[in-house]
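As a plain string of letters, each chain reads:
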Amino acid sequence: MVQPVAVRALLGDYPVTQALKKGEVKSPSVRLDFAEVKTVSSAFKRVVRDLEFDCAELAIVTFLMARAYGKPLVLLPAVVMSRFQHPHIVYNAERGLLAPSDLPGRRVGMRSYTVTTTTWLRSILANDYGVDLDRVTWVTFEEPHVAEFRDPPSVERAAEGKELRAMLLAGEIDAAILPAVPDDPRLKPLISDPGKAAEAWHKKYGAIQINHMMVVKDSLSKSAPDVVREIYRLLAESKKAARLPRPGELDSTPFGLEANRRNLEVAIDTVYRQKMIPRRLAVEELFDDVTRKLD
């Protein structure tokens, strides 16, 4: 009996991945060995710097930067997480009202300058609210995942031992970009009516804001294309098992190159305009001859 090919994998727990992670969707030819991590994002540096995983979930901004800097990773046309980022930038209402137009000359805290949520939000602030990003001080806690990138002059590192939310409540920063929308009544969204703003953004740009997609090592795609095709099939079957999207709902986890073309075009433009990649990549460049044909 032929043993299935073992694939070292990194994948978080989402509705579309649940069946796969639980072993309800299986393959006779491929076995995904999932890394145990506290949070999937904590391993993204291992994906792009150490090339530790054959197949991995990866933040789209990190992937675009990695691809631009020649890392041997190719994209699978499979979104596992996306969301509209508008509610994730907040301010402390106890210290007075704050609006996007007030940000120049202020300090905004975030985990890292190149985190996907923060990159989307800077784009929103610049393009839809006219904020001059260079006039904002961006206070960070971590270096970029991609080692070749250097934070711009407007970025400063928080002092050792500081914590993002505590800095916001203490008035050491004026706003913060948080990974989860807070339930603290003191913290209000900087963008008023973020749900309505997200609907307007979607209508204006005709895209979703991708957070995480799947990537595979270039070497795996070259040496074992059937394994890569099977990985994609497993992901697609897992999404199908989740019965998503529900009728009438926006598909927040689209699969296939054409289903994601516009989403990727907007993501590339967002990263390029913020000078995080040296040139504007074409969508086709993110894939290879194997992954480009997956659908």
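In what follows, the accompanying structure is described. (Residues numbered from 1 in each chain as written. Predicted model: local features only at pLDDT ≥ 70, side-chain atom pairs only at ≥ 80, totals over all residues. Heavy atoms only, no water.)

1. A short note on the layout of surface pockets
Unfilled space is identified by rolling a water-sized probe across the atoms.
Link 1 in the chain: Reported here for the largest pocket is a volume of approximately 610 Å³.
Link 2 in the chain: Lining the largest pocket are 26 residues, with Ser-41, Arg-111, Val-115, Leu-178 and Pro-179 sitting closest to its centre.
Link 3 in the chain: At the level of elements, helix H4 (116–129), helix H5 (164–170) and strand E11 (210–217) are the ones that each hand at least two residues to the lining of the largest pocket.
Link 4 in the chain: Considering every element that reaches the lining of the largest pocket, the biggest residue donor is H4, with three residues.
Link 5 in the chain: Among the residues forming the lining of the largest pocket, the class breakdown is eleven nonpolar, ten polar and five charged. (1 Å grid on protein atoms, 1.4 Å probe; cavity = no way out; pocket = protein on both sides within 12 Å on 5 of 7 lines; lining within 4 Å. Points joined across faces, edges and corners; volume = space filled by probe spheres on them. Helix = DSSP H or I, 4+ residues; strand = E, 2+ residues; numbered from the N terminus. Nonpolar A, V, L, I, M, F, W, Y, C, P; charged D, E, K, R; others polar.)

2. Things to note about helix H9 (residues 257–273)
Link 1 in the chain: End to end, H9 covers 23 Å across 17 residues, agreeing with the expected 24 Å (1.5 Å per residue, within 8%).
Link 2 in the chain: The largest bend along H9 measures about 30° and falls at Asn-263.
Link 3 in the chain: All buried positions along H9 are accounted for by Leu-257, Asn-260, Asn-263, Leu-264, Val-266, Ala-267, Ile-268, Thr-270 and Val-271.
Link 4 in the chain: Looking at the buried side of H9, the elements it contacts are helix H3 (60–68), strand E4 (73–82), H4, helix H6 (194–205) and E11.
Link 5 in the chain: The positive-phi residue at the C-terminal boundary of H9 is Lys-275, with phi of around 60°. (Expected span 1.5 Å × (residues − 1). Bend = angle between axes of the 7 residues up to and from the residue. Buried < 20%, exposed > 50% of the residue type's maximum accessible area, 1.4 Å probe, protein only. Contact = heavy atoms within 4.5 Å.)

3. Thoughts on the packing of aromatic side chains
Link 1 in the chain: Under the definition given, this model contains five aromatic pairs.
Link 2 in the chain: Ring geometry for Trp-201 and Tyr-205: centres 4.8 Å apart, planes at 35°, overall tilted. You can see Trp-201 and its partner Tyr-205 sitting in helix H6, four residues apart, about one turn around the helix. Here Trp-201 and Tyr-205 have matching classes, each one buried.
Link 3 in the chain: On the basis of an interplanar angle of 40° and a centroid distance of 5.8 Å, the ring pair of Tyr-232 and Phe-255 is categorised as tilted. Residue Tyr-232 is found in helix H8 (residues 225–241), and its partner Phe-255 is found in the loop between H8 and H9; the two are separated by 23 residues along the sequence.
Link 4 in the chain: Counting every residue linked through ring pairs, the aromatic cluster contains Phe-84, Trp-120, Trp-201 and Tyr-205.
Link 5 in the chain: Sitting above the plane of the Phe-34 ring, Lys-21 keeps its charged end 5.3 Å from the centroid.
Link 6 in the chain: A cation over a ring is seen here: Arg-122 above Trp-138, with NZ or CZ 5.8 Å from the ring centre. (Phe/Tyr/Trp six-rings, centres within 6.5 Å; stacked < 30°, edge-to-face > 60°. Lys NZ or Arg CZ within 6 Å of the ring centre and 35° of its normal.)

4. Observations concerning the pairing of strand E5 (residues 89–92)
Where a strand is regular, its side chains alternate between the two sheet faces.
Link 1 in the chain: A two-sided burial pattern is seen for E5, the buried positions comprising Ile-89 and Tyr-91 on one face and Val-90 and Asn-92 on the other.
Link 2 in the chain: As paired elements, E5 and strand E10 (residues 187–189) share three bridges and run antiparallel to each other. Looking across to E10, one finds that Tyr-91 is bridged to Lys-188. (Pairing = 2+ DSSP bridges.)

5. Overview of the sheet that holds strand E6 (residues 107–109)
Hydrogen bonds between backbone groups are what pair the strands of a sheet, and the pairing can be parallel or antiparallel.
Link 1 in the chain: Ordered in space as E8-E7-E6-E9-E5-E10, the six strands form an open sheet in which the pairing is mixed. The open sheet is flanked by strand E8 (155–157) and E10, the only strands paired with a single partner. Strand-to-strand, the axes of this sheet are offset by a mean angle of 35°, without reference to chain direction.
Link 2 in the chain: As paired elements, E6 and strand E7 (residues 137–140) share three bridges and run parallel to each other. (Axes fitted to C-alpha atoms, helices over the stretch in contact; angles between N-to-C directions.)

What is shown is where atoms sit, not what they do.
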